[in-house]
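Next come the chains, spelled out residue by residue.
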Amino acid sequence: MTMSSKKLTLKALQNKKGVEKITAITAYDALFAGIFDGEVDVILIGDSLNMSFGGCSDTTSLKLEHIIYHAQAVCRKAKSSFLIADMPFGSYTTRDSALRNATKLIKATQVDALKLEVTRTKLHIIEALIDEGIAIMPHIGLMPQYIKAEGGYKIKGRDETQSKELLESALAFEQAGAFGLLLEGIIAPCATTITQSVQIPTIGIGSGAACDGQILVWSDMLGLCSDISPKFVRRYLQGAELIKQAVREYASDVRKGSFPSEQESY
Ligand code: KIV
């Protein structure tokens, strides 16, 4: 079943909590945004674009200009889904830089909201952005932008101290006015407790089935990245194989001289 072509509002997105699951996917360009638009509730212009699109080993080198360029492309084609853009690593280290860069990102694009990877130490920044009228989704748990400090991608909530801290962060961000939370790489029981303790929707990735919604990186779920396959990814297409096959057929037709045909020529 596909969704209506009407623009999904923030309120309508929030009202899905406890009623129906929220569906979300990433997109970085107009082509795929146009295909995904209206099929899912949320499209995220995620900083994962630095890896799958930019070929970098992590997300930390992404610049504000990059996310603006990609968000503009997505916004040109996606008119129904709710659009969220990531604030890149280093663009919200202080309250002032966060306000300056978030304002720049909002002004340059048509995104509906911003997502930031944060612990409670950044609560004042979240408060300042919301106070400025920006819809904010804090991203908690496994935060890929912290890879260098944490020495890798670490699943969160495994011990009591960590799960208590995550729950307290979630409650503090809700209290600050966040419209929703992204829960990444959090063990399922902990993500369940968070989801049940807040009134705002949680969107999970690698955080179990109880979250109010799920998100996957488009190139992972379409099987375009053949080298990595994290446990939490379900592949809905063997994309890389299918595309390779099509390109091989094309190259073979060109080599044989069967493309272009007379009908394909002027
Ligand atoms: O950048 C990204 O793709 C993300 C994932 C959690 C979806 O933030």
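Residues numbered from 1 in each chain as written. Predicted model: local features only at pLDDT ≥ 70, side-chain atom pairs only at ≥ 80, totals over all residues. Heavy atoms only, no water.

Looking at an unreviewed UniProt entry, one finds the protein named 3-methyl-2-oxobutanoate hydroxymethyltransferase, with Helicobacter zhangjianzhongii as its source organism.

## Remarks on the domain arrangement of the protein
How big an interface is tends to be stated in terms of accessible area lost as the parts join. Its domain assignment divides the protein into domain 1 (10–235) and domain 2 (238–266). Spacing between the C-alpha centres of domain 1 and domain 2 amounts to 38 Å. Listed by partner, the interface residues are four residues for domain 1 and four residues for domain 2. Each partner contributes to the roughly 290 Å² buried at the junction of domain 1 and domain 2, and carbon and sulfur atoms together form 54% of this total. Among the residues domain 1 hides against domain 2, the three largest losses belong to G223, L224 and R235. Together they make up 76% of the total. Our count for the domain 1 to domain 2 interface comes out at zero salt bridges. Linking domain 1 to domain 2 there are three residue pairs in polar contact (both at pLDDT 80 or more). Of the residues in the side of domain 1 that touches domain 2, the class split is two nonpolar, one polar and one charged. (Domains from an automatic or database assignment. Contact = heavy atoms within 4.5 Å. Buried area = accessible area lost by both parts, 1.4 Å probe. Salt bridge = Lys/Arg side-chain N within 4 Å of Asp/Glu carboxyl O. Polar contact = N/O pair within 3.5 Å; in protein donor to acceptor, adjacent residues only side chain to side chain. Nonpolar A, V, L, I, M, F, W, Y, C, P; charged D, E, K, R; others polar.)

## Topic: the site of the ligand
Taken together, 13 residues form the shell around the ligand, and within it G46, D47, S48, D86 and K115 come nearest. Between an oxygen atom of the ligand and a side-chain N or O atom of D47, the distance comes to 3.0 Å. Measuring from an oxygen atom of the ligand, one finds a side-chain N or O atom of D86 at 3.1 Å. For the ligand, whose accessible area on its own is 260 Å², the fraction buried by protein is 96%. Across the shell around the ligand, the residue classes break down as five nonpolar, four polar and four charged. (Near = heavy atom within 4 Å. Areas by Shrake-Rupley, 256 points an atom, 1.4 Å probe, with all protein chains shown as cover.)

## Points about the environment of M87
Residue position: M87 is located in the loop between β3 (82–86) and α5 (95–108). Along the chain, M87 and T121 lie 34 residues apart, while their C-alpha atoms are 17 Å from each other. Residues in contact with M87, not counting those within four places in the same chain, are Y92, A98, N101, A102, L105, L114, K115, L116 and Q145. (Helix = DSSP H or I, 4+ residues; strand = E, 2+ residues; numbered from the N terminus.)

## A closer look at the side chain of H70
For H70, the position within the fold is in helix α4 (residues 64–77). Beyond its immediate stretch of four places on either side in the chain, H70 contacts Y28, I45, L49 and F53.

## Section: the pattern of salt bridges
A full pass over the atoms with the stated rule returns 13 salt bridges. Residue E20 is joined to K16 by a salt bridge in which the shortest nitrogen-to-oxygen separation is 3.2 Å. Across the salt bridge formed by K104 and E65, the nearest N and O atoms sit 3.6 Å from each other. Here K104 is found in helix α5, whereas its partner E65 is found in helix α4, with 39 residues between them in sequence. Looking at E65, the relative accessible area reads 45%, which means it is partly exposed. (Buried < 20%, exposed > 50% of the residue type's maximum accessible area, 1.4 Å probe, protein only.)

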